[in-house]
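What the coordinates show
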Amino acid sequence: MTDSTPLVTLCQQASFIKSADKLEQCPPDIGREVAFAGRSNAGKSSALNTLTHARLARTSKTPGRTQLINFFQLDELRRLVDLPGYGYAKVPLALKDHWQRHLDSYLSERQALVGLVLVMDVRHPLSPFDTMMLDWAQRADMPLHILLSKADKLNYGAGKNTLLQVQSRVRKEFGGHVSVQLFSAPKRQGLDEAYAKLEQWLMSEIS
Ligand SMILES: Nc1nc2c(ncn2[C@@H]2O[C@H](COP(=O)(O)OP(=O)(O)OP(=O)(O)O)[C@@H](O)[C@H]2O)c(=O)[nH]1
Ligand SMILES: [Mg+2]
């Protein structure tokens, strides 16, 4: 059972604030937020729902479900953000272009952003898009935590193996600010580790 730390309690009370499709529509850029990024269908919205114990974020079997930047409030100064997935081929080019630009401006301009959770399907880790994101985080000096999602789809040994491989590769190529863990939404596996990271990013004193 997960202990109810202040962060866990805040996550359990999370509520939807708004969807934005441009930077100007985002809630005021104050306090702190952690954004969930990753390929379409990787399990971002499912991870968010599992962490908040709510059906806040829409999930879908159809990739490309989350098309806007969705903001969830923990309290007045803390938020979680569900980003649109990247790399879904069937999205019309114009729309892809639109997201790409707004995702880029969100990532580069948002002052409140204190950490990125990069969600990857444990069976297909480190796609070119993922490594682009890792590159960006390294250049921006942005802490990044990798959730290897859908860990329930692999047996224990195979999951552990992937974890070790991804850990070793990111350590070599992307250095200090990256951490990695296994995660499963239906099994609620990896919750404590994910909460610990959010706690570290969101709960220290806000000046
Ligand atoms: N078995 C298993 N299925 C998962 C897990 N996480 C997500 N899924 C399934 O994967 C599919 C996609 O999940 P979403 O959470 O909607 O993925 P997303 O990354 O938000 O996708 P987009 O919004 O399209 O970018 C859904 O059918 C989920 O039920 C997991 O940990 N285990
Ligand atoms: Mg989604």
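Read on for a plain summary of the structure. Chains are numbered independently. Their residues run from 1 in the order of the written sequence. For naming, the first written chain is A and the first written ligand is 1, with later ones following in the order written. In view of the model being predicted, local features appear only for residues whose pLDDT reaches at least 70, and side-chain atom pairs are presented and counted only at 80 or more, with totals across whole chains, interfaces and linings using the full set of residues.

1. Thoughts on the nonpolar core
The criterion, for reference: Note on definitions: a nonpolar core is a set of buried residues drawn from Ala, Val, Leu, Ile, Met, Phe, Trp, Tyr and Cys, linked by C-beta atoms within 7 Å. Around each residue's C-beta, the other C-beta atoms within 10 Å are counted; 20 or more make the residue buried, 12 or fewer make it exposed, and counts in between make it partly exposed. All C-beta atoms are placed from the backbone. Two residues form a contact once the distance between their C-beta atoms, set from the backbone, is within 7 Å.
If you look at the biggest cluster of nonpolar residues, it comprises 46 residues, and the most contacted ones within it are F36, L118, I146 and L148. Every residue in contact with L118, bar those within four places of it in the chain, is listed here: A37, G38, D130, M133, L144 and I146.

2. Some thoughts on the sheet that holds strand β5 (residues 113–121)
Pairing between the strands of a sheet comes from backbone hydrogen bonds, and it takes one of two forms, parallel or antiparallel. To keep things clear, this is the line we draw: By the convention used here, strands pair only if DSSP detects at least 2 bridges between them. Only DSSP runs of H or I reaching four residues or more are called helices, and only runs of E reaching two or more are called strands; each is numbered from the N terminus. Helix axes are fitted only over the stretch in contact, all axes being lines through C-alpha atoms; the angle between N-to-C directions runs from 0 to 180 degrees.
Taken in spatial order, the seven strands make up an open sheet running β1-β3-β4-β2-β5-β6-β7, and their pairing is mixed. The open sheet terminates on both sides in strands that have one partner only, identified here as β1 (15–20) and β7 (178–182). Across the sheet, the mean angle from the axis of one strand to that of its neighbour is 20°, orientation sign disregarded. Of the pairings in the sheet, the one linking β5 to strand β6 (residues 144–149) comprises six bridges and is parallel in character. Looking at β6, one finds that V117 is bridged to H145. Lying on the sheet, helix α6 (residues 191–202) is in contact with β2 (32–38), β4 (78–82), β5, β6 and β7; it crosses β2 at an angle near 135°.

3. So, helix α5 (residues 156–174)
Heads up, the condition is: Here a helix's expected span is defined as the number of its residues, less one, multiplied by 1.5 Å. Here, the arc refers to the directions that run from the helix axis to the C-beta atoms.
An ideal rise of 1.5 Å per residue puts 27 Å on 19 residues; α5 measures up with 26 Å between its terminal C-alpha atoms. For α5, the set of buried residues is G159, T162, V166 and V170. The arc that holds every buried residue of α5, seen down its axis, measures 65°, which confines them to one face. Within α5, the exposed residues directed more than 90 degrees away from the buried face are Y156, G157, N161, L164, S168 and K172. Lining the buried residues of α5 we find α4 (128–140), β6 and β7. Positioned one or two residues after α5, G175 has a phi angle of 70°, which is positive.

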